[in-house]
Amino acid sequence: MIATLALAWLGTAASEPREYLCFRTDTAPTIDGNLSDAAWSRAPWSEEFVDIEGDRRPKPRFRTRVKMLWDDRCLYIGADLEEPHVWATLTRRDSVIFEDNDFEVFLDPDGDNHRYYELELNANNTLWDLLLVKPYRDGGPAVFHWDFRRIRTAVHVDGTLNDPADTDRGWTLEIAIPWNDLYEHQRQLPQDDANPPTPWRPQEGATWRVNFSRVEWDATVRNGRYAKVPGRPEHNWVWSPQGVIDMHRPEKWGYVQFTSKSPVEATFVPDPSKQARQALMRFYELSHEFRKRHGRWPRSAREAGLRDARGLRVFITPSLFEAQLETRYPDGSTHIWAVTQDSRLFEVLR
Amino acid sequence: MSVLNPRRYLCHRATTPIRLDGRLDDPAWRDAPWTEDFVDIEGDAKPLPRHRTRAKMLWDDDFFYIGAELEEPNVWATLTEHDSIIFLDNDFEVFLDPDSDNHLYYELEVNALNTTWDLLLNRPYKDGGTPISHWEMKGVRTAVFVDGTLNNPLDTDRGWSVEIAIPWSAIMESKERPDALGRPPTPWKPDEGTTWRVNFSRVEWDVEVEGVRIRKVPNRPEHNWVWSPQEVIDMHRPEHWGYVQFTHAEPGQGAFVDDPSRPARAALHEAYYALHEHRRIHGAWPDSLREVLPNPGLPMRLHTTPSLFEVHCDCEYEDGSVHRWAIRQDALVWEVPL
């Protein structure tokens, strides 16, 4: 039991979420799959993707990296996927795209672990887009019939698609997501049907939780065509390591901060609630493990097995819990953050 | 004692095909019973609507069918773009909560131009719900027939009728869940006795004729006429919606089986509203339910945290079995396994 817990600890504490400063662009990139636009030259590359489980696993055999930009209308994402054998089969929107090799985007604009967006794209430029009301672990559901309304995506294959006779260099893709496509996260959410939200875009310093994932299947050539090697699980290569094979843990995703400042002036401002969030999410995980073993919630951080969270207050009912933690920000102010049994993170306003 | 007495409707199978043209003249519709005439959203507290509205429902292996008839001397509509705020015109609205838990429910609005707005609510607005407007009721078919002339104030119309066919495959979020890998669920359809919470609403604006145009009288609120009265001007209280029970029995046969949890649901919703009212005034939940509900309809137990609560209510069914039902601060209702 202790060994299991220790391993779980390693898994959760091993890696910090990535950080990316997303610059504003005056000229929108042309969405043609090619990252040669002048606009992209201003955007830094992300770290190279690593295995979804992080340092415990070997580095991916092919390089993947992304760039982001934004303007008044859209969030722009560009990705570069090294790949000697570019293939894709699915052509119908909202197919289960990760059955092919794919590139995936996860967006949680308010960082509360709930109501987040997912999109998957294969080398055919076939899209699957969905909204998660809550993570699967908390009951979901995934809203498959949700659509990005005016999203634009494009793929450029540097090589030949579905042709195993040669060796490809890879594929690149561009995605433009209009802010208004993220209707559910308008800052002024409607109080009723009659008051729809007004158009919006992120404010200076707005920080989202974002991750990217690349699904890569072991493939072989059969009868002159690419075919997946049967019985092999997929590889998952990601920007911000999840620690476990589960993308649906938004608390592990990277931080993307939007700025209008120039790359010289701008610096990434770390999330001042990060330590509190991490302690609360550790308590969340331990509480659910405790409930599996004992049939009830732990009554305290200590009972849950969380030792380094002094001041964490626990409130339980038969099916719900709420844990609160006071934390001090760099400016000296104190804030109370909380998590509930369904992994929703929120600041308690006093 | 709380009042929670929603309408009930036994929904029979369509035995012959329904042609979606807005007219309820298909043979299948003939045998389907009408609902009660619609009443004001506030119920008996308000006068009866000045124009009659009523609906019929049917189902088959692929679709849930709704037919509605709206008496209307001046049929008008302006909105033509999908997902506009349709109730800014006169409209007909459908609300569906398949698992009767107050969360994850569907809304569809249609005007006399057959323009639609479909959305999914993760929970009611009063509970911080998000209108998921970019959700699409995939495969839904709607049709409108105007018995008279559209947008012509020079004559008197008889009204308009609506036909809606909702594929079962469009309603997946509140039933079958995707597997752990996120693969979508397989389509399903109701079993004998499956019961949904459903309501219909008709929004009617006071209008005046200006030349050859019909326009809304400025600064007048809309009328809301509904099938199952909501008691307050808020459609987003699914606990008041009607019960629609699907059956294979022939029209005229079969009997509606009442929801045995209804007394528990009534008591739990009474507690829910009393607890929220207390928090609104005092900024916190009360220490005990007795403080806010001295004479509950059934015995209940309150559990709280600073921002959450759950109330449990034991309820004896007619067969003598005891069931425990619960409600949360966000109005989710569920049965607690005993």
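Please read all numbers here as calculations on a predicted model, not as lab measurements. (Residues numbered from 1 in each chain as written. Chains lettered and ligands numbered in written order. Predicted model: local features only at pLDDT ≥ 70, side-chain atom pairs only at ≥ 80, totals over all residues.)

Enquirer: Lay out the overall build of chain B in plain terms, naming residues and giving numbers.
Expert: From N to C terminus, chain B includes two helices and 19 strands. For chain B, the C-alpha radius of gyration of 21 Å lies close to 20 Å, the compact-globule estimate for 338 residues. Overall, the C-alpha framework of chain B stretches about 65 × 45 × 40 Å when taken along its three principal axes. When each of the 338 residues of chain B is scored for burial, the buried share is 45%. (Helix = DSSP H or I, 4+ residues; strand = E, 2+ residues; numbered from the N terminus. Rg over C-alpha atoms; globule rule 2.2 N^0.38 Å. Buried ≥ 20, exposed ≤ 12 C-beta atoms within 10 Å, placed from the backbone.)

Enquirer: Which residues make up the overall build of chain A, and what values do they have?
Expert: Of regular secondary structure, chain A possesses four helices and 19 strands. Each principal axis of the C-alpha atoms in chain A carries an extent, and together these give about 60 × 45 × 45 Å. Long-range pairs, those at least 24 residues apart, make up 59% of the contacts in chain A between residues at least 6 apart in sequence. (Contact = placed C-beta atoms within 7 Å.)

Enquirer: Describe the domain arrangement of chain A, listing the residues and the values that go with them.
Expert: Residues and elements named next belong to chain A. For chain A, the assigned domains read domain 1 (16–259) and domain 2 (274–348). For domain 1 versus domain 2, the distance between C-alpha centres works out to 30 Å. The partner domain 2 presents seven residues to the eight residues of domain 1 that form the contact. Of the residues belonging to the side of domain 1 that touches domain 2, the class tally is one nonpolar, three polar and four charged. (Domains from an automatic or database assignment. Nonpolar A, V, L, I, M, F, W, Y, C, P; charged D, E, K, R; others polar.)

Enquirer: Can you tell me about the confidence of the model for chain B, naming the residues and giving the values?
Expert: Mean pLDDT over chain B: 93, with 95% of residues reaching 70 or higher. We note a pTM of 0.92 for the whole complex and an ipTM of 0.90 for its interfaces. (pLDDT = per-residue confidence, 0-100.)

Enquirer: Provide a residue-level description of unusual backbone geometry, including the pertinent values.
Expert: Residues and elements named next belong to chain A. Between Gly140 and the following residue, Pro141, the backbone shows a cis peptide bond with an omega angle of 0°. Structurally, Pro141 is set in the loop between β7 (127–132) and β8 (142–143). The residue Asn113 is not glycine, and still its phi comes out positive at about 75°. By C-beta crowding, Asn113 is classed as buried, having 28 other C-beta atoms within 10 Å.

Enquirer: Any chance you could break down the nonpolar core for me, citing the residues and the numbers?
Expert: Formed by 127 residues in total, the largest nonpolar core has its most connected members in A:Met68, A:Val143, B:Met57, B:Tyr65 and B:Ile166. Ignoring sequence-local partners within four residues, the contact set of A:Met68 consists of A:Tyr20, A:Cys22, A:Ala43, A:Leu75, A:Tyr76, A:Ile77 and A:Val256. (Core = buried A, V, L, I, M, F, W, Y, C linked by C-beta atoms within 7 Å.)

Enquirer: Go over the pairing of strand β4 (residues 63–71) of chain B with me, naming the residues and quoting the values.
Expert: All names here are of chain B. Of all the nine residues making up β4, eight are buried; the element is thus mostly covered by neighbouring parts of the structure. In textbook terms, the turn of a hairpin is the stretch between consecutive antiparallel strands, and for strand β3 (residues 53–59) and β4 this stretch comprises three residues. Pairing analysis gives nine bridges linking β4 to strand β10 (residues 159–167), with the strands arranged antiparallel. Bridging across to β10, Gly67 finds its partner in Glu163. (Pairing = 2+ DSSP bridges.)

Enquirer: Any details on helix α3 (residues 274–294) of chain A? Residues and values, ideally.
Expert: Between its first and last C-alpha atoms α3(A) spans 30 Å; for 21 residues at 1.5 Å apiece the expected length is 30 Å, and the two agree. All of the buried residues along α3(A) are A:Ala276, A:Arg277, A:Ala279, A:Leu280, A:Met281, A:Arg282, A:Phe283, A:Tyr284, A:Glu285, A:Leu286 and A:Ser287. (Expected span 1.5 Å × (residues − 1).)

Enquirer: Tell me what's going on with helix α2 (residues 262–282) of chain B, and back it up with residues and numbers.
Expert: Think of an α-helix as 3.6 residues a turn; residues three or four steps apart then line up on the same face. All names here are of chain B. The terminal C-alpha atoms of α2, which comprises 21 residues, lie 30 Å apart, in line with the 30 Å expected from a rise of 1.5 Å per residue. Burial in α2 covers these residues: Ala264, Arg265, Ala266, Ala267, Leu268, His269, Glu270, Ala271, Tyr272 and Leu275. Where α2 is buried, its residues touch β16 (300–304), β17 (309–316), β18 (322–328) and β19 (333–336). Two residues or fewer after α2 comes Gly283, characterised by a positive phi angle close to 80°.

Enquirer: Any chance you could break down the confidence of the model for chain A for me, citing the residues and the numbers?
Expert: Scored by pLDDT, chain A comes out at a mean of 92, with 92% of its residues at no less than 70. Note on residues 187–191 of chain A: pLDDT is under 50 here. Beyond four places in sequence and across chains, it has 10 contacts.

Enquirer: Give a description of the domain arrangement of chain B that names residues and reports values.
Expert: Residue and element names in this part refer to chain B. One can read the domain layout of chain B as domain 1 (8–246) and domain 2 (262–336). Counting residues at the interface gives seven residues for domain 1, matched by seven residues for domain 2. Broken down by class, the residue content of the side of domain 1 that touches domain 2 amounts to one nonpolar, two polar and four charged.

Enquirer: I'd like to hear about the sheet that holds strand β17 (residues 321–328) of chain A, residue by residue, with values.
Expert: By way of backbone hydrogen bonds, the strands of a sheet pair with one another, either parallel or antiparallel. Residue and element names in this part refer to chain A. Strand order in the open sheet formed by four strands is β16-β17-β18-β19, with antiparallel pairing between adjacent strands. Two strands lie at the open edges of the sheet, namely β16 (313–316) and β19 (345–348), each paired on one side alone. Each strand axis lies, on average, 25° off the axis of its neighbour in the sheet, ignoring direction. Strand direction decides the pairing type here: β16 and β17, joined by four bridges, are antiparallel. Looking across to β17, one finds that Val314 is bridged to Ala323. Lying on the sheet, α3 is in contact with β17, β18 (334–340) and β19; it crosses β17 at an angle near 155°. (Axes fitted to C-alpha atoms, helices over the stretch in contact; angles between N-to-C directions.)

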